[in-house]
Structure formats: C-alpha cells, structure tokens
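Examination of the molecular architecture
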Amino acid sequence: MKTNKGVIFDLDGVIVDTAKFHFLAWRKLANDLGFDFTEEQNEQLKGVSRVNSLKKILDWGAMELSDEEFKRQMALKNENYLSYVEEMDEQEILPGVQKVIDYLIKNRVPFALGSASKNARTILEKINLLEKFDAIVDGTDVSKAKPDPEVFLIAAEKLKIKPENSIVFEDSVAGVQAANNAKMISVGIGEKKILGEADYVFPGFTEVELDFIKKLLTK
Ligand code: BG6
Ligand code: MG
C-alpha cells in the first residue's frame, strides 16, 4: 500500500485492558489509606502519569503525604499493579487489535507505541508484541504528561512521519487531547460521550474495520 501515514497506539486500555489493573491497585492504595473512589473518578486517571494519578487520588481523599511517604505509596502501587501484569500473556491482547497490527505489518505501514506507562515494555514483552513495533515511546522517554503532545510527537519523529499524517488510537480523554494537540488524527476507543473530542470513536477494536483503516491510510 502506498501511504505516507503511520499509526501510534496507546497501550493501556487500547491494546490491553490494564486499566482494570490500574484501578484495582489504586483503589487498594486508597482503601489502605482509609478512603475510596468510584469507577467514574477512575476515568480521570486514564492516560494520566503515575505521579499525577496519586496526586489526584490524594485530593479526592483530602489527604496529604510527606515526600517520602508519597514515593513509598507509588512504589507499593506499582508493585501491586505488576503482580497483575505478571499473570499476563498474549490472550490479554484485546479482541480486534491483532488483526489491525497484522494488517499494518502486511502493508508495511510503520507503527509505534505512545504510552504514559513506565511499564510499557514489560507489558509488551508479556503479550509478545515488543518486537513488532517500529518504535516505542513510553513514560520513561517523556518529561511532559498527556494531554501534552510530547509522547506522540516523539513517536511520529521516530517513525519519520509528519504529525498530521499520524493516526492515534487512544482510550483516554487526556490521550485524545494529546493527539489533537499534536494535530494528529485521533481515534477514540471507548464511549462517545467520554471521548467526544476525538475525530472518530469506536466502542472497541472489534468495531474498527480494516476498510476504515485503509481509508484513513490512503486519504
Ligand atoms: C497510562 C495509564 O497508560 O499509564 C494510567 O492509562 C497510568 O492509568 C499511566 O497511570 C502510568 O503507568 P505506569 O505503568 O507507569 O504506572
Ligand atoms: Mg490508555
């Protein structure tokens, strides 16, 4: 296929449903500190860095921690989160994702990962996708968190694709905003009422037809 476009995938909530593991681990942290938060509030944590997530959660619980305790809680949360990740294998790849990846490989369309997670490489290895990506940009490579466009701009640069020719798949509000801020084509994966700012929204990857991808790539 002749195209000057490339694709950037978010990881958590797009390729794998790790959002549920993040939720469980953050919720345990909050409960251990003596408060709770709802799944609705959890939406605001999607795509948000580890540090900023803990800041938000502490706000909800009207709690303040010393710097040392803050760091300790972040480490505990990650340890707990990784205990879920440890159990992952390729069966965790969300339905419909593999067919899109296979299509991109077959048609030599470059694609990258653009994730806020510092655990991204570990997860990709677990689900056997690490070697498939042409570039990986994760939470260890960026200084500014989504909705800042940094993560996607670096990914596009690594793919040697112009921002306006980059197609981003995202499940979070912050991530869709980051893609829009980068002037990229944003495709939301999730509920339209949450991801309404995206150029296109699909409930899940099973609804993303290869024909739609082809049209975007050859437009
Ligand atoms: C994002 C998730 O992909 O990564 C957030 O949507 C998470 O929920 C963030 O906080 C950072 O992830 P990690 O694995 O570095 O704690
Ligand atoms: Mg996500």
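Please read these numbers as outputs of a predicted model, since none were measured by experiment. (Residues numbered from 1 in each chain as written. Chains lettered and ligands numbered in written order. Predicted model: local features only at pLDDT ≥ 70, side-chain atom pairs only at ≥ 80, totals over all residues. Heavy atoms only, no water.)

**Looking at the domain arrangement of the protein chain**
Formally: Those domain boundaries reflect an automatic or database domain assignment. Whether two residues are in contact is decided by their heavy atoms: any pair within 4.5 Å suffices. Defined here as a combined quantity, buried area equals the accessible surface (1.4 Å probe) lost by two parts on assembly, summed across both. Between Lys or Arg on one side and Asp or Glu on the other, a salt bridge is scored when a side-chain nitrogen of the former is within 4 Å of a carboxyl oxygen of the latter. A 3.5 Å cut-off defines polar contacts: any pair of N or O atoms within that distance qualifies, except that in protein one atom must be a possible hydrogen donor and the other a possible acceptor, and neighbouring residues in sequence count only when both atoms are side-chain atoms. Helix and strand definitions here come from DSSP, where helices need a minimum of 4 consecutive H or I residues and strands a minimum of 2 consecutive E residues; each element is numbered from the N-terminal end.
When cut into domains, the protein chain gives domain 1 (6–16 + 90–218) and domain 2 (19–85). For domain 1 and domain 2, the distance between their C-alpha centres works out to 24 Å. The interface is formed by 14 residues belonging to domain 1 together with 13 residues belonging to domain 2. Both faces considered, domain 1 and domain 2 share a buried interface measuring about 1,000 Å² in area, 55% of it formed by carbon and sulfur atoms. Scanning the region where domain 1 abuts domain 2 turns up zero salt bridges. At the boundary of domain 1 with domain 2, the tally comes to two residue pairs in polar contact (both at pLDDT 80 or more). Among the elements that line the side of domain 1 that touches domain 2, the one with the most residues is helix α6 (residues 120–126), at three residues.

**Overview of the sheet that holds strand β5 (residues 185–189)**
Which entries qualify depends on this criterion: Each pair of strands is called paired provided DSSP finds at least two bridges between the two strands. Lines fitted to C-alpha atoms define the axes, with helix axes restricted to the stretch in contact, and inter-axis angles between N-to-C directions lie between 0 and 180 degrees.
The parallel open sheet is built from six strands, whose spatial order is β3-β2-β1-β4-β5-β6. Unpaired on one side and paired on the other, β3 (135–137) and β6 (200–202) mark the two borders of the sheet. Strand-to-strand, the axes of this sheet are offset by a mean angle of 20 degrees, without reference to chain direction. With three bridges joining them, strand β2 (residues 111–114) and β3 adopt parallel strand pairing. Bridge pairing in β3 links Gly114 to Val137.

**Considering the environment of Lys214**
This is how it is decided: Residue exposure (1.4 Å probe, protein chains only): buried if accessible area is under 20% of the type maximum, exposed if over 50%, otherwise partly exposed.
By secondary structure assignment, the location of Lys214 is in helix α10 (residues 210–218). For Lys214, a relative accessible area of 43% puts it in the partly exposed group. Once the C-alpha coordinates of Lys214 and Asn107 are considered, the two residues, 107 residues apart in sequence, prove to be 9.8 Å apart. Ignoring any residue separated from it by four or fewer positions in sequence, one finds Lys214 in contact with Met1 and Tyr103.

**Topic: the packing of aromatic side chains**
Spelled out, the test is: Here a pair means two rings of Phe, Tyr or Trp (six-membered ring of Trp) with centres within 6.5 Å. Their orientation is stacked below 30 degrees between planes, edge-to-face above 60, and tilted elsewhere.
In this structure the tally under the stated criterion is eleven aromatic pairs. Between Phe9 and Phe133, the aromatic rings sit 6.2 Å apart at their centres with planes inclined by 85 degrees, giving edge-to-face as the arrangement. Remark: Phe133 occurs in the loop between α6 and β3 and Phe9 occurs in strand β1 (residues 6–9); sequence separation between them is 124 residues. Taken as a pair, Phe9 and Phe133 share a single burial class, namely buried. Judged by centre distance (6.2 Å) and plane angle (35 degrees), the rings of Phe9 and Phe205 are tilted. Linking Phe9 in strand β1 with Phe205 in the loop between β6 and α10, this pair joins segments that are 196 residues apart in sequence.

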